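Residues per chain are reported as follows:
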Amino acid sequence: MVQYLPTRLDTSFAALSDATRRGVLEQLGRADASITDLAEKFRMTLTGMKKHVGVLEQAGLVTTKKIGRVRRCQLGPRRLEEETAWLERYRRRWDERFDELDKVVDELTRKEKRDERKNRK
Amino acid sequence: MNARIESEPGPVKNRTTVERKSDREVVVTRTINGPARIVFEAFTKAELLKRWWVPKSMGMTLLSCEVDARVGGKYRLVFDHGGPEPAAFFGTYVEVKPYSRLAWTNEEGGEGGPVTTVTFEEKGGKTLVVLRESYPSKEALDAAGTGAAEAMVETFDQLDELLVALGESSGQ
């Protein structure tokens, strides 16, 4: 009775549930940056930032590349629109289902009122 | 989560909202124009449930619908979705509080399937329905996303495309 959530999208939603990670995406939307740059910008330890970037990387939202001793981060091939589209499809499915439910409930409610009136007569 | 999508309210039609609460929970809300008692019945009586659970626009045909809405009771819905085998959705009711609360497991995907909880709250002759799909853990959710379940997602995606096509051709 349920529609399955694609795992990949769920990884993205988890990745996006954190304010710092959303900030990192915003930052990378403006320009690529190294983990050190990001750690400084968000006033965080290197280890902490590495973890955040790791989560975003797993979700496909960020890619990283080691150039010499520096790890550069940039936006991944995935975009937020995909998540929004998924939610919208999900919503539409329920919306249609509830529209039908509304019809059934409306019919039953009317019928009950009719029966009540009949009984009173 | 901030992701939240709402439909435009129509003249009679109420809004359906969907919200990601966490990495293992989705919440759908909708107000239905009728008392909680009747809405609850529409969820728990097979002859009523089968009239709305699979809207025609979904492109699926409900082959059978069995509902035993008591704690420990089972439900089973079998669909023809155009594939070689019909798809079955089944599970067990874990909470049944008449007119206010309903919860069932979703067992078609094996262990670690989500639990669906629905609450019904009546206000001024209308009923707010809040439906929550909740996985026991992040790991369970990840596991549910593999194999047969993924195939199901694809099926639904195809259906969505079909839906759009149908909607356009019928001028809705």
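Treat the numbers as computed from the prediction; the structure is a model and nothing was measured.

**Quick notes on the overall build of chain A**
For chain A, the helix and strand inventory stands at 5 helices and 3 strands. In sequence order, chain A lays out its α and β elements as α-α-β-α-α-β-β-α. Per-residue burial for chain A yields a buried fraction of 31% across its 121 residues. Pairs at least 24 apart in sequence give 51% of the contacts found in chain A among residues at least 6 apart.

**Details of the overall build of chain B**
Broken down by element type, chain B carries 4 helices and 9 strands. Its helices and strands taken in sequence order, chain B reads β-β-β-α-α-β-β-β-β-β-β-α-α from the N to the C terminus. Looking at chain B as a whole, 28% of its 172 residues qualify as buried.

**Re the packing of helix 2 (residues 19-30) of chain A against helix 4 (residues 46-58) of chain A**
Residues and elements named next belong to chain A. One way to put it is that helix 2 packs onto helix 4 with a least axis distance of 10 Å and a crossing angle of 75°. Relative to helix 4, the element helix 2 lies roughly perpendicular. Listed contacts from helix 4 to Thr20, Arg21, Val24 and Leu25 of helix 2 are His52, Val53, Val55 and Leu56. Looking at side-chain class alone, the contact of helix 2 with helix 4 contains 5 nonpolar, 2 polar and 1 charged residues.

**With respect to the sheet that holds strand 1 (residues 33-34) of chain A**
Residues and elements named next belong to chain A. Strand order in the open sheet made by the 3 strands is 1-3-2, with antiparallel pairing throughout. Where the open sheet ends on each side, the last strands, each with one partner, are strand 1 and strand 2 (62-67). In this structure, strand 1 lies alongside strand 3 (residues 70-75), joined through 2 bridges in antiparallel fashion. Counterpart to Ser34 in the pairing with strand 3 is Arg72. Helix 2 contacts strand 1, strand 2 and strand 3 of the sheet and is inclined by roughly 90° relative to strand 3. Lying on the sheet, helix 4 is in contact with strand 2 and strand 3; it crosses strand 2 at an angle near 120°.

**With respect to the nonpolar core**
Core analysis: the largest hydrophobic core is formed by 30 residues, its most contacted members being Val105(A), Val18(B), Ile32(B), Val39(B), Ala42(B) and Leu49(B). Of all the elements in the fold, those that place two or more residues in this core are helix 5 (80-120) of chain A together with strand 3 (25-32), helix 1 (36-44), helix 2 (46-52), strand 4 (61-67), strand 5 (74-80), strand 7 (101-105) and strand 9 (126-134) of chain B. Broken down by element, the residue count for this core peaks at 6 residues, all from helix 5 of chain A. For Ala42(B), the residues in contact, after removing those within four places along its chain, are Leu101(A), Val104(A), Val105(A), Leu48(B), Leu49(B) and Trp52(B). One finds Ala14(A), Val24(A), Leu38(A) and Met49(A) within the second-largest nonpolar core, a separate group that totals 15 residues.

**As for the environment of Leu46(A)**
Residues and elements named next belong to chain A. Tracing the sequence through the fold places Leu46 in helix 4. Taking the C-alpha atoms as reference points, Leu46 and Thr36, separated by 10 residues in sequence, lie 6.4 Å from one another. Not counting chain neighbours up to four residues away, the residues in contact with Leu46 comprise Ile35, Thr36 and Ala39.

**Here's the deal with the confidence of the model for chain B**
Parts of the model with low pLDDT should not have their predicted coordinates read in detail. Residue and element names in this part refer to chain B. Looking at chain B, the pLDDT average stands at 78 and 72% of residues meet or exceed 70. Across chain B, strand 7 holds the top mean pLDDT of 96, while helix 4 (residues 148-169) sits lowest at 44. Segment residues 142-163: pLDDT under 50, and 31 contacts once partners within four positions in sequence are set aside and those in other chains are kept. Interface confidence in the predicted complex, given as ipTM, is 0.72; pTM for the same model is 0.62.

How each quantity is defined
- Residues numbered from 1 in each chain as written.
- Chains lettered and ligands numbered in written order.
- Predicted model: local features only at pLDDT ≥ 70, side-chain atom pairs only at ≥ 80, totals over all residues.
- Helix = DSSP H or I, 4+ residues; strand = E, 2+ residues; numbered from the N terminus.
- Buried ≥ 20, exposed ≤ 12 C-beta atoms within 10 Å, placed from the backbone.
- Contact = placed C-beta atoms within 7 Å.
- Axes fitted to C-alpha atoms, helices over the stretch in contact; angles between N-to-C directions.
- Parallel < 35°, antiparallel > 145°, perpendicular 65-115°, else oblique.
- Nonpolar A, V, L, I, M, F, W, Y, C, P; charged D, E, K, R; others polar.
- Pairing = 2+ DSSP bridges.
- Core = buried A, V, L, I, M, F, W, Y, C linked by C-beta atoms within 7 Å.
- pLDDT = per-residue confidence, 0-100.

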